[in-house]
Amino acid sequence: MYFDLNVPIPSPTAGPSTAKPQQQSQGQSKKGKGKASAAQAPTVSYTPAQMAKIEPRVDLLVRLNYTVIAFNQIVHSKIDPKTHANTLDPLLAQLRKRERVLFLKRLTIVLDEDSEKGFGLTIANSALFTPYDIIALQPTTAPSFSQACLTHSSPSPLTAHIISLPLTLPRLPFHLKHTLVRTALKNGAVFEINYSGALLGEGERRNWWAAAREVARVTKGKGVLVSGGAENDVDVRAPRDAGNLITLLGIPQDLVHHAATTTPKSLIRRAQTRKTYRAVFSEPVLILPSTDAQSMPEPTAAASVPEVSQSETTPVIGDDGAAPVKPVEPAVPSPIHEDNSAVNASAKKRRREDETNVHTNGSTALTKTPEPEGSAKKKRKRKDKGNKETGSAGQ
């Protein structure tokens, strides 16, 4: 299974807006602080000539063994709810269906100087991003690159999972800091390398090689996504050909294979978490304990209330009218003590039998080892010395 998550499409023809004049000219409140109703986006349609160019492109990708194809819609600066229109839904409605081929919708926002204050990725506009399967950001300034790596790569309903860099510019407009790149990779974002830049003119091709090697050096080949981005059919390459091209950047062969198969597959799975609460992929299931009274065993009277004898409840009063004396119950030995006493008795009996055998036969399994002569002499000296001290003390 091979993926191409960047298939550009031509800009469609926009029709007139379907909003009614009364809705477009709805007035504000008396103080002028009311919000006017948002105008509906213009309708989008593709001409037969445009569809005649898109259909052969899709057939070529399918012939090259691409099974997952993502059509890319590019928006510059920021998302404006009043003018933004989804151009991919009408395309998929007019596109011919293919067996065993999955079509995805991708939105790429190009971040420039006009979009530093905000580019529309807010909770208020979350309804505009729900139809898209993948959200990508293409930063062109240092602040936008930092914001894309730190803020918009964290799990949320507006998470951007692809960071596409402008590799064909004369030089990257910002430095690829290791801290920013590691944070983005830790959050699940990937850095995209489009192989179509290596097939352009001489100047753009030279810029692409320099920038792509820098990306490979900083990421060490991990978290890299290989996509097409080809606008012409002659620039489309097979997955293995694109992999051989990427290996020239210094990325190992196994990581190049993952960049075209495993990495985009996990990316699509993570992109589905945008539609869940806090990027939780599975729904929790609450299991309550059973409250059926029949399943619970009823406690018996003997187990719940212990029997009490009359001698325990009735006090004993002496003949002389003394204070009641509580009867003393005989101590009942526990089975544990009984077992221990039996073991001790058997051990003592066995020891006595061994001593009897030593005195009678002179041979047994528990015979003492003979002591060396030096130790016996030392013991006699200590004994004699002790007797002398005792005698002197008695005098």
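The rules behind the values
- Residues numbered from 1 in each chain as written.
- Predicted model: local features only at pLDDT ≥ 70, side-chain atom pairs only at ≥ 80, totals over all residues.
- Heavy atoms only, no water.
- Helix = DSSP H or I, 4+ residues; strand = E, 2+ residues; numbered from the N terminus.
- Buried < 20%, exposed > 50% of the residue type's maximum accessible area, 1.4 Å probe, protein only.
- Contact = heavy atoms within 4.5 Å.
- Areas by Shrake-Rupley, 256 points an atom, 1.4 Å probe, with all protein chains shown as cover.
- Phe/Tyr/Trp six-rings, centres within 6.5 Å; stacked < 30°, edge-to-face > 60°.
- Pairing = 2+ DSSP bridges.
- Arc of directions from axis to C-beta.
- pLDDT = per-residue confidence, 0-100.
- Core = buried A, V, L, I, M, F, W, Y, C linked by side-chain atoms within 4.5 Å.
- Axes fitted to C-alpha atoms, helices over the stretch in contact; angles between N-to-C directions.
- Salt bridge = Lys/Arg side-chain N within 4 Å of Asp/Glu carboxyl O.

Section: the overall build of the protein chain
(1) Moving on: A tally of helices and strands in the protein chain yields 14 helices and nine strands.
(2) Moving on: Scored against the burial criterion, the 395 residues of the protein chain give a buried share of 34%.
(3) Moving on: For the protein chain, restricting intrachain contacts to residue pairs at least 6 apart in sequence, the fraction spanning at least 24 positions comes to 80%.
(4) Moving on: Split by element, the accessible area of the protein chain, about 26,100 Å² in all, is 55% carbon and sulfur.

Digging into the packing of aromatic side chains
(1) Moving on: Counting across every chain of the model gives three aromatic pairs.
(2) Moving on: On the basis of an interplanar angle of 45 degrees and a centroid distance of 5.6 Å, the ring pair of F71 and F103 is categorised as tilted. Here F103 lies in strand β5 (residues 102-111) and F71 lies in strand β4 (residues 66-76), a separation of 32 residues in the sequence. With respect to class, F71 is no different from F103; both count as buried.

A word on the pairing of β4
(1) Moving on: Burial within β4 is extensive, with eight of its eleven residues counted as buried.
(2) Moving on: Bridge count for strand β1 (residues 2-8) against β4 is five bridges, and the pairing is parallel. Paired with P8 across the two strands is N72, which belongs to β4.
(3) Moving on: Sheet topology note: the β4/β5 ladder contains nine bridges and is parallel. Residue pairing for β5: A70 is matched across the bridge by L104.

Side note on helix α10 (residues 262-271)
(1) Moving on: By the burial criterion, the buried members of α10 are T263, P264, L267, I268 and A271. Seen end-on, α10 carries its buried residues on one side only, within an arc spanning 135 degrees.

Some details on the confidence of the model for the protein chain
(1) Moving on: Here the protein chain averages 76 in pLDDT, and 67% of its residues register 70 or above.
(2) Moving on: Note on residues 363-368: pLDDT is under 50 here. Beyond four places in sequence and across chains, it has five contacts.

Quick look at unusual backbone geometry
(1) Moving on: The backbone of N65 shows a phi angle near 75 degrees, a positive value even though the residue is not glycine.
(2) Moving on: Checked against the element boundaries, N65 lands in the loop between α2 (48-63) and β4.

A closer look at the nonpolar core
(1) Moving on: Counting residues in each nonpolar core, the largest one holds 64 residues, and the members touching the most others are F71, F145, L165, L176 and F191.
(2) Moving on: Residues L104, I134, L225 and I268 belong to the second largest nonpolar core, which totals twelve residues.

Here we look at helix α6 (residues 178-187)
(1) Moving on: Here α6 has its buried residues at L180, V181 and A184. Projected down its long axis, α6 shows its buried positions confined to an angular sector of 95 degrees, all on one face. Relative to its buried face, α6 has exposed residues pointing more than 90 degrees away, namely R182 and K186.
(2) Moving on: On its buried side, α6 packs onto α5 (142-150), β7 (162-164), β8 (190-194) and α7 (202-219).
(3) Moving on: Two residues or fewer after α6 comes G188, characterised by a positive phi angle close to 105 degrees.

Structural notes on the sheet that holds β1
(1) Moving on: Read from one edge to the other, the open sheet built from seven strands follows the order β1-β4-β5-β6-β7-β8-β9, with strand pairing classed as parallel. The outermost strands of the open sheet, each flanked by one partner alone, are β1 and β9 (224-227). Neighbour-to-neighbour, the strand axes of the sheet open up by a mean angle of 30 degrees, direction not taken into account.

A closer look at the pattern of salt bridges
(1) Moving on: Here the structure, examined in full by the defined rule, presents seven salt bridges.
(2) Moving on: Among the salt bridges present, the one from R98 reaches D59, with a minimum N-O distance of 2.5 Å. Residue R98 is located in the loop between α3 (88-94) and β5, and its partner D59 is located in helix α2; the two are separated by 39 residues in the primary sequence.
(3) Moving on: The closest approach of N and O atoms between E192 and R106, which form a salt bridge, is 2.9 Å. In this pair, E192 sits in strand β8 while R106 sits in strand β5, placing the two residues 86 residues apart along the sequence.

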